Structures are given as structure tokens and as C-alpha cells.
Amino acid sequence: MSTLSNLEAANMNDPIVHIDHHEQEASIMVFGFWIYILSDLLLFATLFANFAIFSSAYYGGPHGNSIIEGEKLFDLKYVLVETFVLLFSAVSYGFAMIAAKKNQLCIVKAFLGLTFVLGAFFIALELNEFHHLYNVLHDPSLNQAHLVSAYFSAFFTLVGTHGIHVTAGLIWIAIMFFQLSKKGLNHHNQTRLSCLSLFWHFLDIVWIGVFTAVYLLGVLSVSYTHLTLPTKRIV
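Predicted model only: the values in this text are computed from it and were never measured.

## Thoughts on the overall build of the protein
Secondary structure summary: the protein contains seven helices and zero strands in total. Each helix and strand of the protein, ordered N terminal to C terminal, gives the series α-α-α-α-α-α-α. Buried positions account for 38% of the 235 residues belonging to the protein. In the protein, once contacts between residues fewer than 6 apart in sequence are set aside, the share between residues at least 24 apart is 82%. Surface accessibility of the protein: about 13000 Å² in total, with carbon and sulfur atoms responsible for 71%.

## Points about the confidence of the model for the protein
Considering every residue of the protein, the mean pLDDT works out to 80; 72% of them sit at 70 or more. Considering each helix and strand of the protein separately, the mean pLDDT is smallest for helix α1 (residues 2–13), with a value of 48, and largest for helix α4 (residues 76–101), with 95. Scored below 50 in pLDDT, residues 7–12 shows two contacts in the model against residues more than four places distant or in partner chains. Note that residues 223–235 has pLDDT below 50 and, in this model, eleven contacts with residues that lie over four places away or in other chains.

## Points about unusual backbone geometry
Most peptide bonds take the trans form, and the phi angle of most residues other than glycine is negative. You will see that Asn-103, though not glycine, has its phi angle at about 60°, which is positive. Relative to the assigned elements, Asn-103 resides in the loop between α4 and α5 (105–137). Judged by its relative accessible area of 54%, Asn-103 falls in the exposed class.

## Brief notes about a nonpolar patch on the surface
On the surface, Leu-80, Phe-84, Leu-87, Phe-88, Val-91, Phe-95, Ile-98 and Ile-208 cluster together into a nonpolar patch covering about 710 Å² of accessible area. Of the residues forming the nonpolar patch, the biggest block, seven residues, is contributed by α4. Considering the arrangement of structural elements, one finds Ile-98 in helix α4. Taking the relative accessible area as the measure of exposure, Ile-98 reaches 45% and is therefore partly exposed.

## Thoughts on helix α6 (residues 150–183)
With 34 residues, α6 extends 49 Å between its outermost C-alpha atoms, agreeing within 8% with the 50 Å of an ideal straight helix rising 1.5 Å per residue. Within two residues after α6, Gly-184 carries a phi angle of roughly 75°, on the positive side.

## Re the environment of Leu-216
Relative to the assigned elements, Leu-216 resides in helix α7 (residues 187–228). In this structure Leu-216 comes out as partly exposed when scored by relative accessible area, which is 28%. Along the chain, Leu-216 and Phe-74 lie 142 residues apart, while their C-alpha atoms are 9.0 Å from each other. In this structure Leu-216 touches Leu-76 and Phe-211, once residues within four positions along its chain are discounted.

## Re the side chain of Thr-83
Position of Thr-83 relative to the elements: it lies in helix α4. If sequence neighbours within four positions are ignored, Thr-83 has contacts with Trp-207, Ile-208 and Phe-211.

## Quick look at the packing of aromatic side chains
Inspection of the entire model under this criterion finds 16 aromatic pairs. Both rings, one in Phe-130 and one in Phe-156, keep their centres 5.2 Å apart while their planes meet at 80°; by these two values the pair is edge-to-face. One end of the pair, Phe-130, is in helix α5; the other, Phe-156, is in helix α6, with 26 residues separating them in the sequence. Using a relative accessible area of 29% as the deciding quantity, one classes Phe-156 as partly exposed. Ring centres 5.1 Å apart and planes at 85° place the aromatic pair Tyr-151 and Phe-152 in the edge-to-face group. Judged by relative accessible area, Phe-152 falls into the buried class, the value being 6%. Linked through ring pairs, Phe-51, Phe-122, Phe-130, Tyr-151, Phe-152, Phe-155, Phe-156, Trp-207 and Tyr-215 together constitute an aromatic cluster. Between Lys-109 and the ring centre of Phe-177, over which it is positioned, the NZ or CZ distance is 5.2 Å.

What counts, and at which threshold
Residues numbered from 1 in each chain as written. Predicted model: local features only at pLDDT ≥ 70, side-chain atom pairs only at ≥ 80, totals over all residues. Heavy atoms only, no water. Helix = DSSP H or I, 4+ residues; strand = E, 2+ residues; numbered from the N terminus. Buried < 20%, exposed > 50% of the residue type's maximum accessible area, 1.4 Å probe, protein only. Contact = heavy atoms within 4.5 Å. Areas by Shrake-Rupley, 256 points an atom, 1.4 Å probe, with all protein chains shown as cover. pLDDT = per-residue confidence, 0-100. Patch = residues over 30% accessible without salt bridge, like charges linked within 9 Å, V, L, I, M, F, W, Y side chains within 5 Å. Salt bridge = Lys/Arg side-chain N within 4 Å of Asp/Glu carboxyl O. Expected span 1.5 Å × (residues − 1). Phe/Tyr/Trp six-rings, centres within 6.5 Å; stacked < 30°, edge-to-face > 60°. Lys NZ or Arg CZ within 6 Å of the ring centre and 35° of its normal.

As C-alpha cells, then:
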């Protein structure tokens, strides 16, 4: 019995066994996070399908008989700025991961800080856009019937859900910054950084879908409709 205990103690003190244990634990954690990402993918797929259905079955959306033109609702240049800000935050986080692999803690924290600033700037731009849409939709010169629109419900649900996820990512980055300051680049923090990387880049991919399906196709569809069909004004 004592011989078995000595062998177990020797294995626990063996650095190779210790490293293998951490790698196995990290692999399980990352695999579990991949399952979460897949479940989140199903959530966004449902929201995209919901938006696709209501984008042509509504009262006040920019694809149909609305008195609000898509060009007035959405400023593609503004949304393009949002897109580049979020994409640059992904690049910044990529540099943080490269520095983490090299055990360069200060550089990791610097790029994490930059990622946080860019992500917060993206949320600020999105909130400003929502404020703009609120003002447009509540313009007293327009027929207020367009406010009861399934299109806008689908729009705010899809874009707002993405924004909530980005906000959650920012909170996670702040927590990771605290953890790195306290414990450094240990095995647990390395794994957490990898999971956060998956989450942040997943949100970038989702936003590309939002930009294409909601903003780009929305404005182009309205422009095409106005060129080919007479617009019926809602009385």
C-alpha cells in the first residue's frame, strides 16, 4: 500500500505528468466551450431566420410599403465604421494571444486593454445608432402606425442580442485583466484566454452576417425597390 502511495506521489511530482494533466484539463475546458459556441450559433441562426421572415412581412420595415426609406434608417458609412472597429478589436486580441504563447504578460495586458477600448467604442457606436433610429421612428411628421412593426422587433432583437454578447465579452476581458494581474500567465489563465478568443472571434463572424443581412441588403433592397416600383404612401 505504501509502495502504491509512493508511486502516486512520484507521479504527481513528475513535471511531465503535471503538464499532461493541465493539457488534458485545458482540452476538456476548450471542448466544453466549443459546445457553448455551437449552442450560441443556434441562437443566432434562429434570430437570423426570424429576421429574414419578418423583413418582408411587416408594416414599417425598409423592404416593403414603408414611408421610411432604408437610406434614412441606416447609414452604411457609419455601420462600416462599427464593423472596422470590431474587426480591429479581433486583430488586437489575436496579438494578445500571440504574446500569451510567448509568456509576455505586459504585452498581453496592453493588447487586452486595446481590445476592451475598441469593444467599448463599438458598443457606444451601436447605442448611438439605436438612439438615431428611435428619433427617426418617432418623427412626428411620419405616420405612427409604422411603430407596430415586426421588422423592427426582429431588428432590435438580433442586433441587440449581439450587443449584449459583446458587452459580456467586455466584462470577461475586464475579469481576465484582473486575473492576469493577480496570477499571471498560468495554465488556467492561458485556457481562459483561449476560450475568450473563441468567443470574441465568434462575435466578429456573427457581426459580418448582421452587416450583410441587415444593413447592406436592407439598404440595397430598398434602393432597388424605389428604382423599379412606385412607392405607395401609407395614409
